[in-house]
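Breakdown of the fold
Letter by letter, the chains look like this.
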Amino acid sequence: MPVQRIPRYVLLLQNLVKHTPKEQKDYPQLLEALAKMKMVAEHINEKKRDADAIAKVNEIERALSGKFIDPVLNCPRNLTQPQRRFVHQGTVQVRESKGLLVRHLILFNDVVLETKIHSKSAAHSLQSSKNTGYKLLSTASLIEASVAAESADDLGFLFTTTKKVFACTCTSVKARDEWVAKLRKAILQLRDLQESIHSRHATNDLL
């Protein structure tokens, strides 16, 4: 495919730059071409990541048993939405009144699903694992949410939402740090998006 040639062009231009004397009159044009080709490659990679994230939302929706309730609108809705992107997922232990419960959390750019993994689900199957599905237990919006690691050497983190506090324990510090980083980034990006939308609406009201 033509798109697959872009990385080759980047390598070719890098090689040309490396072996071209800086005094050569075409050297600045080579540098400019390399910079532009890198931008094209990054744009293509970004679009591919975005497409993969959209496809993952649809894949997870097919694997869910239980109706997805939008935590903001508080009503049933399709999980797959134009603006929704998959970010991260993993199994953690959540501290409840009953003790530590195994839960599989699925993070999107605006919401977190609390689920349990179940097997032999014929109606809701994953492409990557046909005998695995997710039983939906609850949903939590990232709006007004926060996250914090409990301590530097602890395996836990607190994910606080308007409806529930998730006291989670991971299998390793690395897994905990990954959850905290990805949750924090998603929360900040959603906050920035909301502020941008509110700012545009305020500007339009003044016109």
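Source: prediction; values computed, not measured.

Once that is clear, we can look at helix α2 (residues 27-63). Spanning 37 residues, α2 covers 54 Å between terminal C-alpha atoms, matching the ideal 54 Å at 1.5 Å per step. Along α2, the positions that sit buried rather than exposed are Tyr27, Leu30, Leu34, Ala41, Ala53, Lys56, Val57, Glu59, Ile60 and Ala63.

This part takes up the state of the cysteines. What the rule picks out here adds up to 0 disulfides. Looking at Cys168, it has no disulfide partner, and the nearest cysteine sulfur is the one in Cys170, 6.8 Å off. Cys170 gets classed as buried once you look at its relative accessible area, which sits at 5%.

Once that is clear, we can look at the pattern of salt bridges. Counting across every chain of the model gives 11 salt bridges. For the salt bridge of Asp52 with Lys48, the shortest nitrogen-to-oxygen distance reads 3.1 Å. Note that Asp52 and Lys48 are positioned in helix α2 at a spacing of 4 residues, about one turn of the helix. Given a relative accessible area of 43%, Asp52 falls into the partly exposed group.

We now examine unusual backbone geometry. Although it is not a glycine, Glu144 sits at a positive phi angle of roughly 60°. With respect to the element layout, Glu144 can be found in the loop between β7 (132-141) and β8 (146-149).

Looking now at the packing of helix α1 (residues 6-18) against α2. Two numbers describe how α1 lies on α2: the axes approach to 9 Å, and their chain directions differ by 155°. If you check the angle between α1 and α2, you find them roughly antiparallel. Here α1 and α2 pass one another in a crossing that is left-handed. Here α1 contributes Ile6, Tyr9, Val10, Leu13, Gln14, Leu16 and Val17 to the contact with α2, which in turn contributes Tyr27, Leu30, Leu31, Ala33, Leu34, Met37, Lys38, Val40, Ala41 and Ile44. Partitioning the contact of α1 with α2 into residue classes produces 15 nonpolar, 1 polar and 1 charged.

Tallied over the entire structure, the rule returns 3 aromatic pairs. With 6.2 Å between their ring centres and 75° between their planes, Phe86 and Phe108 make a pair best called edge-to-face. A residue pair is termed long-range when its members are at least 10 positions apart, and Phe86 in strand β4 (residues 86-96) and Phe108 in strand β5 (residues 99-108) qualify at 22 residues. Judged by its relative accessible area of 0%, Phe108 falls in the buried class. Their ring planes at 25° and their centres at 6.3 Å tell us that Phe157 and Trp179 sit as a pair that is stacked. Separated by 22 residues along the polypeptide, Phe157 in strand β9 (residues 156-160) and Trp179 in helix α3 (residues 173-206) bring together distant segments of the chain. Just as Phe157 is buried, Trp179 falls in that class too. Taking NZ or CZ as reference, Lys56 lies 5.8 Å from the ring centre of Phe86, over its face.

All right, on to the confidence of the model for the chain then. Looking at the chain, the pLDDT average stands at 85 and 86% of residues meet or exceed 70. Counting contacts from residues 120-129, a segment whose pLDDT is below 50, to residues more than four positions away or on other chains yields 21 contacts.

A few words now on the side chain of Thr139. Following the sequence through the fold, Thr139 ends up in strand β7. A residue is classified by how much of its surface remains accessible, and Thr139, at 17% relative accessible area, is buried.

How each quantity is defined
Residues numbered from 1 in each chain as written. Predicted model: local features only at pLDDT ≥ 70, side-chain atom pairs only at ≥ 80, totals over all residues. Heavy atoms only, no water. Helix = DSSP H or I, 4+ residues; strand = E, 2+ residues; numbered from the N terminus. Expected span 1.5 Å × (residues − 1). Buried < 20%, exposed > 50% of the residue type's maximum accessible area, 1.4 Å probe, protein only. Disulfide = S-S within 2.5 Å. Salt bridge = Lys/Arg side-chain N within 4 Å of Asp/Glu carboxyl O. Axes fitted to C-alpha atoms, helices over the stretch in contact; angles between N-to-C directions. Parallel < 35°, antiparallel > 145°, perpendicular 65-115°, else oblique. Left-handed = near helix turned anticlockwise from the far one by under 90°. Contact = heavy atoms within 4.5 Å. Nonpolar A, V, L, I, M, F, W, Y, C, P; charged D, E, K, R; others polar. Phe/Tyr/Trp six-rings, centres within 6.5 Å; stacked < 30°, edge-to-face > 60°. Lys NZ or Arg CZ within 6 Å of the ring centre and 35° of its normal. pLDDT = per-residue confidence, 0-100.

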